[in-house]
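Listed below are the residues making up each chain.
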Amino acid sequence: MRVAFLVPEPNFHEAWDWAFDREAAALAAAGLDVEAVSWTELGDVSDFDLILPLLVWGYHLRFAGWHALLDRLEVSRRAVINPIPLLRWNSDKSYLAELVAKGVPTVATRLTKALIAQDLDDARAAFGCDTLVIKPPVSASADGTFKIAASDGVPVGALGKPMLIQPWMAAITTTGEYSLMFFGGKFSHAIVKRPKDGDFRVQAHLGGSEQACDPPSGGRELALTALAAAPAEAAYARVDMVAGDDDKLRIMELELIEPALWLEHAPDVGASYAAAIISAAGHAVEQPLADR
């Protein structure tokens, strides 16, 4: 099976080979022929049996181009994993409101189409807290994310823009943010991420760190509940969660497009990840085009 493993555009500002090398190696060990292809330069896909968007980092910066690519892939007869309806749904973080509506314990989220100071005041009153976090609904790698204290105004870069508003979850800087990896709907491994001193962002390129851990109590069940609320089954998934002030876990995000999977912490070093993708690819090929 020949695989187009989609990677960032040339000269992308973040290093990505550390993720590609591990994820591609696990697929190659399972017998797949893996080729790295920039997602912004993907041409004729007829020579590929499977398209994997596992490293389409930067898609949020070229969102129209990302959706155009999904539209083009949808009419092709190539298998795309994860499935395109799931990729579209997960591209905009307003899906968090859908999880809340379905009763999934999720970090409280308000959406404003054009952020102003009154939105922050309203959110503080609704959440019963002083410190907030705002982020664009289409974002990744903490781009455009701000932590806002009660005395802070609206950041210039966020004023008048669509924004998600959430309460600050203090556990991120203490116990940390948990990430649970699932392949084919089955739990594989977990890590906990923490920001560097003085920051609130856990991403590695911003100084954050991660380490392997056991999933928190109730974490597997919460993750599976959240994944069941998505519009399609995920062959690979990372579920991010954090404890609230009441110590109850809440979903922060579902990462179903291009998550770092930290396969070096997986007990099987990625064998179940590769098996899940191969299985999902087989099912995708068997499905009628209209159902993909």
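Now for a quick tour of the structure. Every value quoted in this text rests on a predicted model; they were computed, and no experiment measured them.

1. Digging into the sheet that holds strand β7 (residues 146-148)
At step 1: The sheet built from four strands is open, its strands ordered β5-β8-β6-β7 with antiparallel pairing. With one partner strand each, in any of the chains shown, β5 (110-112) and β7 form the two edges of the open sheet. Across the sheet, the mean angle separating the axes of adjacent strands is 25° when strand polarity is ignored.
At step 2: Across three bridges, the pairing between strand β6 (residues 132-135) and β7 is antiparallel. By the bridge assignment for β7, L132 is matched with I148.
At step 3: Across the sheet, helix α5 (residues 117-127) lies against β5, β6, β7 and β8 (163-167), angled at about 35° from β8, the strand it touches most.

2. Quick notes on the environment of L111
At step 1: Relative to the elements of secondary structure, L111 occurs in strand β5.
At step 2: Along the primary structure L111 and M163 are separated by 52 residues, whereas in three dimensions their C-alpha atoms are 5.9 Å apart.
At step 3: Excluding anything up to four places from it in sequence, L111 contacts S94, P137, M163 and L164.

3. Let's talk about unusual backbone geometry
Comment: phi is negative for the bulk of residues other than glycine, and the bulk of peptide bonds are trans.
At step 1: Cis geometry is adopted by the peptide bond preceding N82, which originates at I81 and carries an omega value of 5°.
At step 2: Relative to the helices and strands, N82 is located in the loop between β4 (79-80) and α3 (84-90).
At step 3: Even without glycine at this site, D247 takes up a positive phi of about 70°.
At step 4: Assignment of secondary structure puts D247 in the loop between β12 (236-243) and β13 (249-255).
At step 5: One non-glycine residue, W262, adopts positive backbone phi at about 45°.
At step 6: For W262, the location among the structural elements is in the loop between β13 and α7 (271-286).
At step 7: What makes W262 buried here is its relative accessible area of 10%.

Here is what the cut-offs are and how they apply
Residues numbered from 1 in each chain as written. Predicted model: local features only at pLDDT ≥ 70, side-chain atom pairs only at ≥ 80, totals over all residues. Heavy atoms only, no water. Pairing = 2+ DSSP bridges. Helix = DSSP H or I, 4+ residues; strand = E, 2+ residues; numbered from the N terminus. Axes fitted to C-alpha atoms, helices over the stretch in contact; angles between N-to-C directions. Contact = heavy atoms within 4.5 Å. Buried < 20%, exposed > 50% of the residue type's maximum accessible area, 1.4 Å probe, protein only.

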